[in-house]
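Observations on the three-dimensional arrangement
One letter stands for each residue in the lines below.
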Amino acid sequence: MPVEVPATIDAGRQDPAICRVPALPVTATEKRIVLLIAILAGFLTPFDGSAVNIALPTIGTAFHMDAIALSWVATAYILASALFLVPFGKLADIYGRKKIFLSGICLFGAASLVMTLVATEQQMISVRVIQGIGAAMIFGTSLAILTAVYPPGERGKALGLYISAVYLGLTLGPFFGGILTDVFGWRSIFYINVPIAIAAAILILWKLKGEWAECTGEKFDIPGSLLYSVALVAIMYGFSVLPDITGGILLVTGVVLIGVFIWYEQRLTYPVLNMQLFFKSRIFAFSNIAALINYSATYAVAFLLSLDLQYTKGFSAEYAGFIIVAAPFVQMIVSPFAGRLSDRYDSQIISSVGMGFTALGLFLLIFLTETTPLWYIIMVLMILGLGFGLFSSPNTNAIMSAVEKKYYGVASGLNGTMRLLGQMLSMGIAMMLFAIIIGQVEITPAYYPQFTESLHWAFILFTIMCVIGIFASLARGKRGGQKPVEG
């Protein structure tokens, strides 16, 4: 049935004189310019991540990296993004989203250029961290700016186009990443980011008006940001050193620190993360939980299949990239339609159906072997793509429509954080299984049976998580059923 006006949150304790809403672009032309800039930014970072994933076996051979170190090339980027996303979302609300957005684009482009010059695996992982910081600045602001410009009746369509750009990056990343790796070498992947970053920066300086600094004058929560960052580092590094006792200690420490962070944030007037957004809106809370579970269950799939296709199947990076394109290609097609549907109908059912298709695809991957036919893998990837496409746009629309304008930066940062935390946990599970089943060795034919066993256990765990995610998605309730919450 058609959706009623969505509930919004005014959960903060800020002084209305401090948190003010500036004039925003209102003309159709200004909206299209903002959308174009957001699309460029939305394309850039996933393209880089998915292209690097397809090049990992080649990178591993070049630097003689073991399975755990190879995982850190992808994980360092995600972890850095997750660490800084919420803090930069809050800084953007205070000092201006345009400033943070532009700085992120420039930092990401510069780090990409430096990546072409690294000589050791330590240098590579370090620069990937810098790339991740730039990505956090982009993630924490682009969605907030887009949401601020488009009213609720048009927002789902705009978010659908933005997410389609994300999926286009995911689609072209493996394909062109494979071609570039085979023809020009893995370093060529990072050259592509530079002109895209320059084009986006020029558009921002030339056409993007306003700063969208809607909470000017608030204090920035440094202790809370540090607590949050240390907790995430402890959890992620703990995954990588399991089954050693140090890994267990770090994981427990990280979880405890998350609890301390939540307790501390509730006692601040100006928290880096307004916990009331979770406690006073069922829709906001469960939509974010569903996003966290979805990405935790799915992100490592492309990473694992990239390794499987090139190691056990013997395909080239180019051919493996062409195969993996199947999932994001379907996502790219489905997302705009799913976004438009979420403007008219409640996102609860649409995104839950998407989660169901995702669970089905993950279940089918459990039976993957060295002799699995190619048509089976492509079919499963298309099912996963359909699930991702139906879930992401409606779920994002539900999250952003559940908060008032002054919280768009934080909500955008939280939405991105759920995605990145999910991706981080997904890679953490993959790293944990590699550490337990394969060990810290380079993946050679002698270790292919252990590698395949790691895949089976990964897809079993991911399927269970996604089934739980279906219930989280359904538990949010309907948007029209919740009254607005007053501060």
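Residues numbered from 1 in each chain as written. Predicted model: local features only at pLDDT ≥ 70, side-chain atom pairs only at ≥ 80, totals over all residues. Heavy atoms only, no water.

**A look at the environment of threonine 181**
Relative to the elements of secondary structure, threonine 181 occurs in helix α5 (residues 152–184). When the C-alpha positions of threonine 181 and leucine 56 are compared, they lie 9.8 Å apart, and in sequence the two are 125 residues distant. Ignoring any residue separated from it by four or fewer positions in sequence, one finds threonine 181 in contact with Ala55, Thr58, Trp186, Ser188, Ile189 and Ala317. (Helix = DSSP H or I, 4+ residues; strand = E, 2+ residues; numbered from the N terminus. Contact = heavy atoms within 4.5 Å.)

**Re the confidence of the model for the protein chain**
Per-chain confidence: the protein chain averages 78 in pLDDT, with 87% of residues scoring 70 or above. Across residues 1–25, where pLDDT falls below 50, the model places 82 contacts with residues more than four positions away in sequence or in other chains. (pLDDT = per-residue confidence, 0-100.)

**A few points about the packing of aromatic side chains**
The tally for this structure, following the rule as stated, stands at 13 aromatic pairs. Centroid distance tryptophan 186 to phenylalanine 190: 6.3 Å. Interplanar angle 90°. Geometry classified as edge-to-face. A centroid spacing of 5.4 Å and a plane angle of 45° characterise the contact between tyrosine 228 and phenylalanine 261, whose relative ring orientation is tilted. Note that tyrosine 228 is positioned in helix α7 (residues 222–241) and phenylalanine 261 in helix α8 (residues 245–265), a separation of 33 residues in sequence. Phenylalanine 261 gets classed as buried once you look at its relative accessible area, which sits at 3%. Following the ring pairs from residue to residue traces out a cluster consisting of Phe303, Tyr311, Phe434, Tyr448 and Phe451. (Phe/Tyr/Trp six-rings, centres within 6.5 Å; stacked < 30°, edge-to-face > 60°. Buried < 20%, exposed > 50% of the residue type's maximum accessible area, 1.4 Å probe, protein only.)

**Comments concerning helix α2 (residues 67–95)**
Between its terminal C-alpha atoms α2 stretches 41 Å, which fits the 42 Å expected from 29 residues at 1.5 Å a residue. Alanine 74 marks where α2 bends most, by close to 40°. Counting buried residues along α2, 27 of its 29 residues qualify, which places the element largely inside the surrounding structure. Immediately beyond the C-terminal end of α2, within one or two residues, lies glycine 96, with a positive phi of roughly 120°. (Expected span 1.5 Å × (residues − 1). Bend = angle between axes of the 7 residues up to and from the residue.)

**Examining the pattern of salt bridges**
Overall, the coordinates contain 2 salt bridges when judged by the stated rule. Across the salt bridge formed by lysine 313 and aspartate 308, the nearest N and O atoms sit 3.0 Å from each other. Both residues of the pair, lysine 313 and aspartate 308, belong to the buried class. (Salt bridge = Lys/Arg side-chain N within 4 Å of Asp/Glu carboxyl O.)

**Structural notes on the nonpolar core**
Nonpolar side chains tend toward joint burial in soluble globular proteins. Counting residues in each nonpolar core, the largest one holds 145 residues, and the members touching the most others are Ile105, Phe284, Leu304, Phe434, Phe459 and Phe462. For this core, the leading source of residues is α2, giving 19 residues. Excluding anything up to four places from it in sequence, isoleucine 105 contacts Ala41, Leu44, Ile138, Ala197, Ala200, Ala201 and Ile204. Counting 5 residues, the second largest nonpolar core, distinct from the first, contains Val330, Ala338, Ile350 and Leu390. (Core = buried A, V, L, I, M, F, W, Y, C linked by side-chain atoms within 4.5 Å.)

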